Amino acid sequence: MSVDWTGEKMYGPNYDGQTVRRTAFIPEDNGEYKLDPKMFDHIPNTALVFITLLRGNIENTLIGDYSYNISSETHAVLPFILCRYRKQQ
């Protein structure tokens, strides 16, 4: 999984030239994952952010006298606007 921000905001000035990319490896895919809030550190509120989810597998297969690595993957890119909630003190 990756979280990417390329400096674009929906409200207020853009941050030209700034980018943030965070990645996380999810070893066991059970269909659920809770995002760590630290993935969004240094990304401002109202930023246009993209989450990329990638699933795949690699298998070594012996065919005759030859060994082949067979791989497959699927991915989805999900754009969203980062909106943080701050508790009142």
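Predicted model, so just to flag it, every value in this text is computed and none were measured. (Residues numbered from 1 in each chain as written. Predicted model: local features only at pLDDT ≥ 70, side-chain atom pairs only at ≥ 80, totals over all residues. Heavy atoms only, no water.)

## Points about the environment of Gly 7
Item 1. Note that Gly 7 resides in strand S1 (residues 2–9).
Item 2. C-alpha of Gly 7 to C-alpha of Val 49: the two residues are 42 residues apart in sequence and 9.0 Å apart in space.
Item 3. Setting aside residues no more than four positions away along its own chain, Gly 7 makes contact with Asn 14, Tyr 15 and Gln 18. (Helix = DSSP H or I, 4+ residues; strand = E, 2+ residues; numbered from the N terminus. Contact = heavy atoms within 4.5 Å.)

## Description of the pattern of salt bridges
Item 1. Counted under the stated rule, the structure contains one salt bridge.
Item 2. Of the charged contacts in the structure, one is a salt bridge between Asp 4 and Arg 21, with a shortest N-O distance of 2.4 Å. Residue Asp 4 is found in strand S1, and its partner Arg 21 is found in strand S2 (residues 20–23); the two are separated by 17 residues along the sequence.
Item 3. Judged by its relative accessible area of 60%, Arg 21 is exposed. (Salt bridge = Lys/Arg side-chain N within 4 Å of Asp/Glu carboxyl O. Buried < 20%, exposed > 50% of the residue type's maximum accessible area, 1.4 Å probe, protein only.)

## Remarks on the sheet that holds strand S3 (residues 47–63)
The strands making up a sheet associate through backbone hydrogen bonding, with each pair oriented either parallel or antiparallel.
Item 1. Taken in spatial order, the four strands line up as S2-S1-S3-S4 in an open sheet, and their pairing is antiparallel. Edge strands, defined here as strands with exactly one partner in the open sheet, are S2 and strand S4 (66–81). Pairwise comparison of adjacent strand axes, ignoring direction, gives a mean angle of 20 degrees for this sheet.
Item 2. Inspection of the sheet shows S1 paired to S2 by four bridges, in the antiparallel sense. The residue bridging Trp 5 from the neighbouring strand is Val 20, located in S2. (Pairing = 2+ DSSP bridges. Axes fitted to C-alpha atoms, helices over the stretch in contact; angles between N-to-C directions.)

## Overview of the layout of surface pockets
Item 1. Here the largest pocket is characterised by a volume of approximately 600 Å³.
Item 2. Forming the boundary of the largest pocket are 22 residues, of which Met 1, Ile 26, Asp 29, Leu 54 and Arg 55 lie nearest the centre.
Item 3. Contributing elements (two or more residues each) for the lining of the largest pocket: S3 and S4.
Item 4. The element that contributes the greatest number of residues to the lining of the largest pocket is S3, accounting for six residues.
Item 5. Considered class by class, the residues forming the lining of the largest pocket number 11 nonpolar, seven polar and four charged. (1 Å grid on protein atoms, 1.4 Å probe; cavity = no way out; pocket = protein on both sides within 12 Å on 5 of 7 lines; lining within 4 Å. Points joined across faces, edges and corners; volume = space filled by probe spheres on them. Nonpolar A, V, L, I, M, F, W, Y, C, P; charged D, E, K, R; others polar.)

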